[in-house]
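Letter by letter, the chains look like this.
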Amino acid sequence: MAYYGKKHLSGKAVLAIVIAVLIVAAALVTAWAIGSEGFTQNNPLHFFNDWGTATVQPDEPNDDTEKDNISLASYALDKADFAAYGISPQALEAKVITVDFEPANTTNKRIGWVCKWKDATSTWASGKNINDYVDFVPAADFGASATLAVKQPFGEPVIVTATSRANSALTSSSQFDYVARYDNLWGEGDLVLDYEQEIDVFKDLYASDWYTVIPTEYVANVTFEVETELLSYLNSHGCDCNASENYNNITGAITWYDFFSPLNGFDFDYVSKFLLEQDQEIGYITVEMTCKYTDGFGNEVVYTFTDSECVSLSDACIDEISTPPTDITVNPGGGAF
């Protein structure tokens, strides 16, 4: 009699098949593990569990040395761009501060900002409200940029700190300084020179406002203009003197004698005679100064100013360069004085 239905395997047959499959799988896994570093710790179970989901392929090492990070950068704004950034036209200077993210494709770029004095208890900063000196405005909605505008010079560094809203451990701070602005030479009054005195326009710069750092590079273009009456006097005595002389790209001190000597016909004998007769200036110095400073971001801060001063010689200097008179009459009688 024929029987139609399912044929059942015996328990021994099933066990034999399972063992055979496991033997084949183990052989394949062993072969792959020998020829590849893809199995983490040569663990086939770990490999199969992660198969198709791991971002690191079997033949690539797992490198997680790249860390999340943020850092600050800044650039100066031209006065013409103040309005576009909502900065008052009365501001002295202004910068845009931005956050650089690492990696660059960071999804959550929300930033919290803080602006404060570096040392609020310092002699200069004590009792001073930072908002009276700078206007710090972060971008809306915790944006990754801010503006820092200077209302008036300050004498304590400003510290700006950015902190990730997604991870408070990611933070970056930078210091902002105010570079001394020089606005005239030698303080108040004329420049009075002694014999062989150096003229050092860099040493005698006068800063009228507060600052936290001074420029590190100075270059000066200097013009000396002979006083009109002295020029006429020299030329009337055959000196044929130049009215002025330019000295460009000066970076150090020079003596007044070297300073004036390129003037054709600037005869110091006649200069002294003129000054002995008429006590007045010998001319005017005009200085066009360029000052530079490189900040902590590598940005170059550059500004210029121009100042003029009268120049005169001290009595001792005039005596030193004077030629003794040649028309002395000797008293034949002699005697004590």
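Summarised in this report is the structure supplied together with it. (Residues numbered from 1 in each chain as written. Predicted model: local features only at pLDDT ≥ 70, side-chain atom pairs only at ≥ 80, totals over all residues. Heavy atoms only, no water.)

1. Points about the packing of aromatic side chains
As a reminder of what qualifies: Stacked, tilted and edge-to-face are the three classes assigned to paired rings of Phe, Tyr and Trp, where Trp is represented by its six-membered ring and a pair needs centres within 6.5 Å; plane angles under 30 degrees give stacked, over 60 edge-to-face, the rest tilted. Put simply, DSSP H or I for four residues or longer makes a helix, DSSP E for two residues or longer makes a strand, and each gets a number counted from the N terminus. Each residue is placed in one exposure class: buried if its accessible area under a 1.4 Å probe, protein chains only, is under 20% of its type's maximum, exposed if it is over 50%, and partly exposed if it falls in between. Geometrically, a lysine NZ or arginine CZ counts as sitting over a ring once it is within 6 Å of the ring centre and also within 35 degrees of the ring normal.
All told, the structure shown has 19 aromatic pairs when counted by the stated rule. Aromatic side chains Phe-176 and Phe-297 sit 5.4 Å apart centroid to centroid with 40° between the ring planes, which places their arrangement in the tilted category. Taken together, the positions of Phe-176 in strand 7 (residues 171–176) and Phe-297 in the loop between strand 15 (283–294) and strand 16 (300–313) put the pair 121 residues apart, joining distant regions of the chain. Of the residues examined, Phe-297 reaches a relative accessible area of 24% and is grouped as partly exposed. A network of ring pairs unites the aromatic residues Trp-117, Trp-124, Tyr-133, Phe-154, Tyr-178 and Trp-210 as a single cluster. Positioned above the aromatic ring of Trp-210, the side-chain terminus of Lys-128 is 5.8 Å from the ring centre. In this structure, Arg-165 packs its charged tip against the face of Phe-142, placed 3.9 Å from the ring centre.

2. Comments concerning a negative patch on the surface
The line we're drawing: Without a salt bridge and with relative accessible area above 30%, a residue can belong to a patch; like charges are then joined within 9 Å and nonpolar side chains (Val, Leu, Ile, Met, Phe, Trp, Tyr) within 5 Å. The Shrake-Rupley method, run with a 1.4 Å probe sphere, supplies the accessible areas, and residue values consider only the shown protein chains as cover. Note on definitions: salt bridges are taken to be side-chain nitrogens of Lys or Arg within 4 Å of carboxyl oxygens of Asp or Glu. Here the positive residues are Lys and Arg and the negative ones are Asp and Glu; neither His nor the chain ends is included. Working definition for charges: the position is that of NZ of Lys, CZ of Arg, CG of Asp or CD of Glu.
Residues Glu-196, Asp-258, Asp-279, Asp-315, Asp-319 and Glu-320 make up a contiguous surface patch of negative charge. At three residues, the largest contribution of residues to the negative patch is made by helix 6 (residues 315–321). Structurally, the position occupied by Asp-319 is in helix 6.

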